Amino acid sequence: MDLQILLLLGQDGLTNGAIYALLALALVLVFAVTRVIFIPQGEFVAYGALTLAALQAGKVPATIWLAVALGAVVFVIDAAIALRARAWRRLPGLAALTLGVPLAVAALIHGLDAATLALPLQILLALAVVAPLGPLIYRLAFQPLASAPVLVLLIVSVATHMTLMGLGLVFFGAEGFRTPAFSDGSLELGPATLQYQSLWIVGVSLVLIVALYLFFGRTLTGKALRATAMNRTGARLMGISTTLAGKLSFFVAALMGAFSGVLVSPVTTLYYDSGFLIGLKGFVGAIIGGLISYPVAALGAVLVGLLESFSSFYASSFKEVIVFTLIIPVLLWRSLTTRHVEEEE
Amino acid sequence: MSGMEQKNKPLLEVRDLAVAYGKVEALQGANLTLRQGELVTVIGPNGAGKTTLLSALMGLLPARGEVTLDGQPLSADVDVEARVGRGMILVPEKRELFAEMSVEDNLRLGAFSRRAEGRAARDDTLAEVYDLFPRLKERRGQEAGTLSGGERQMLAMGRALMAKPRVLMLDEPSLGLAPLIIREIFRIVAELKKTGVSILLVEQNARAALKVADYGYVLETGHVALEGPSADLAADERVAATYLGGKKG
């Protein structure tokens, strides 16, 4: 192997690793706060990319109707609960969040000619369509099961993944889409050729990771999410609602998933079902971090990216096998080094 | 009782509160009143239902009966978070701290229910809590999980005070602590009372609890066996024999 190939594979590995790192962080967050192993994470990647592609093609992405429909269902359920408790004051806020936000985004898409907008605005619009799906799905699928065992939550998670993937086929069809690069061209750096899009991916991922770090470390809301992950009862006794924490973590996860999709869609063609495999690789990273440690999960995800890239060169047909086999030694090492703790109810 | 009118206003009223774990009645028809600015203690042996009482008041356990705060009923659909929002704060027996966070982050999260008030108001409360617990100020950057038992209890109480509670419920604050620290904790409880917060203190350490409290209830196997001004309870022969270790009390 010469230096040029090494650099090329390294660049590829780091680029994919950065995406996996974002997904791994979201998975750790969701699991820590809600104990849900977030299998549908990949669907948000696909939804983000395909929604952006639809907007750029001048079409109304069907995902917005999913958001409007889920919002309406959540509104009906929560309004009924509020009315039974005679909590009229909850209604305006509830309506604004569940009906107002999706309808406002839908109106924006109809009112604006999205295809002619600048790329950053198109991206914002795509994120505004997909990210609200996170808390809405949490409300419908997971909030009623908040105290269920991890296994039940996992089963619901798989069901949610299947449903969203099926809907993805309905919404976007079976063909794949690719979106234009954020900026075309490449940078010659000695023997290395760096694609601008790769730089974008790594750069934006780093910015997002730093933003997450500041959110968790500096803001009261971020600390409240960590507190819920650490000690649910303690957090509730401080008035931190488990439900709110769950919705917020799903929002962050959906946002990160959709953003990852937007970032990778210029370098790979994405189909309605492409997200699953991407999400699973983030999951391998999250497992390396024991679903607890954010930095180890992020580093593990980068390792997955590099391993994938190099194995695609040496043993391309075994690429996925090699990547997912990584989980076995990691689990073995984890089970030998960590004390088994019975799940607390 | 002092003649102050405000002090006589019932803040928290509990009528016929009952909690069952399956077929076991952990609490049967408990009645209790906490007036504004008062310190009321609930004493009783292990398993009498003291922690159950506080958990039910906090909305952590489903209960039958009526609980009112300021005359407003706290029905079953008023959840824990909403009760915190109305000024009810519980310092649980297990402390339930955020072990991997710093002392200061634990305290700041105590003011989560006051996040609408703005940072300045919360910073003022933090300064007050540090005044009350200088030890916590010294250890502000340390992880809560590394604190000693006494410091943990102080942190749990400090964190509760960050919410500016109207009803502060303390569940066995002296549990598992050394005698010297227990004395310090009770000194702080007495001091808290002077700030005007109404306190419901659940304790096995009946002697110390009755010394600081205005009024007391004796809980036995799920029902209130005896109640009265704490001085009367401390003088009661039966209470003295059972809970205060004979005549010495």
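Structure first, text after, so check above.
Anyway, here's the lowdown on the structure attached to this text. (Residues numbered from 1 in each chain as written. Chains lettered and ligands numbered in written order. Predicted model: local features only at pLDDT ≥ 70, side-chain atom pairs only at ≥ 80, totals over all residues. Heavy atoms only, no water.)

Examining the overall build of chain A
Note the following rule: Under the DSSP-based scheme used, a helix requires at least four consecutive residues in state H or I and a strand at least two consecutive residues in state E, with every element numbered from the N terminus. Restricting the calculation to C-alpha atoms gives the radius of gyration, and the globule rule supplies 2.2 Å times the number of residues raised to the power 0.38. A simple rule labels every residue: compare its accessible area, found with a 1.4 Å probe on the protein chains alone, to the largest value its type can have, and call it buried under 20%, exposed over 50%, or partly exposed in between. The charge count treats Lys and Arg as positive and Asp and Glu as negative. His and the chain ends do not count. Charge positions come from single atoms, namely NZ of Lys, CZ of Arg, CG of Asp or CD of Glu.
Helix and strand counts for chain A come out as 15 helices and two strands. Relative to the compact-globule value of 20 Å for 345 residues, chain A shows a C-alpha radius of gyration of 20 Å, a close match. A buried classification covers 48% of the 345 residues belonging to chain A. If you average the places of the 18 positive and of the 15 negative side-chain charges in chain A, the two averages end up 17 Å apart.

Structural notes on the nonpolar core
Inclusion rule: The term nonpolar core refers to a set of buried residues drawn from Ala, Val, Leu, Ile, Met, Phe, Trp, Tyr and Cys, joined through side-chain atoms within 4.5 Å.
The biggest cluster of nonpolar side chains holds 90 residues, and the ones touching the most others in it are B:Leu57 and B:Leu168. Among the nonpolar cores identified, the runner-up in size contains 88 residues, and A:Leu50, A:Tyr138, A:Ala148 and A:Val150 belong to it.

A few points about helix α7 (residues 150–172) of chain A
All names here are of chain A. Note the threshold: The span expected for a helix works out to 1.5 Å for each residue beyond the first. Pairs of residues are marked as contacts when any of their non-hydrogen atoms sit within 4.5 Å.
If you check α7, its first and last C-alpha atoms are 32 Å apart, about what 23 residues at 1.5 Å a residue would give, namely 33 Å. Those residues of α7 that sit buried are Val150, Leu153, Val156, Ser157, Thr160, His161, Leu164, Met165, Gly168 and Phe172. On the buried face of α7, the contacting elements are α1 (3–34), α2 (41–56), α3 (63–84), α6 (133–142) and α12 (275–288). At the C-terminal side of α7, Gly173 shows a positive phi close to 75 degrees.

So, the pattern of salt bridges
Our working rule: When a carboxyl oxygen of Asp or Glu lies within 4 Å of a side-chain nitrogen of Lys or Arg, that pair is called a salt bridge.
Going through the model one piece at a time under the given rule, you end up with 21 salt bridges over all chains. Between A:Asp78 and A:Arg139 there is a salt bridge, with the nearest N and O atoms lying 2.8 Å from each other. With A:Asp78 in helix α3 and A:Arg139 in helix α6, this pair connects stretches of sequence that are 61 residues apart. The exposure class assigned to A:Arg139 is buried, which follows from its relative accessible area of 8%. Of the charged contacts, one joins A:Lys281 and A:Glu308 as a salt bridge, the two residues approaching to 2.7 Å between their closest N and O atoms. With A:Lys281 in helix α12 and A:Glu308 in helix α13 (residues 294–314), this residue pair connects regions lying 27 residues apart in the sequence. Both residues of the pair, A:Lys281 and A:Glu308, count as buried. Residues joined in a network through salt bridges with shared partners are B:Glu104, B:Arg108, B:Arg119, B:Asp123 and B:Arg140.

Focus: the environment of A:Ile19
Summarising the element assignment, A:Ile19 is placed in helix α1. Note on A:Ile19: relative accessible area 1%, which makes it buried.

What about the interface of chain B and chain A?
The line we're drawing: A simple way to read buried area is as the amount of 1.4 Å-probe accessible surface that goes missing from two parts once joined, with both sides added.
At the junction of the two partners, chain B supplies 24 residues and chain A supplies 18 residues. Summing the contributions of chain B and of chain A, the shared interface buries around 2100 Å²; its carbon and sulfur component is 69%. Considering only the surface of chain B that becomes buried against chain A, B:Glu81, B:Phe98 and B:Phe112 emerge as the three largest contributors, covering 30% of it. Here chain B and chain A share two salt bridges between them. A salt bridge links A:Arg236 to B:Glu81; its shortest N-O distance comes to 3.1 Å.

What to know about α3(A)
Residues and elements named next belong to chain A. Helix length check: α3 (22 residues) gives 32 Å between terminal C-alpha atoms against 32 Å at 1.5 Å per residue, within 8%. Among all positions in α3, only Thr63, Ile64, Leu66, Ala67, Val68, Leu70, Gly71, Val74, Asp78, Ala79 and Ala82 are buried. Its buried side turned inward, α3 meets α2, α4 (90–111), α5 (119–130), α6, α7 and α11 (242–264).

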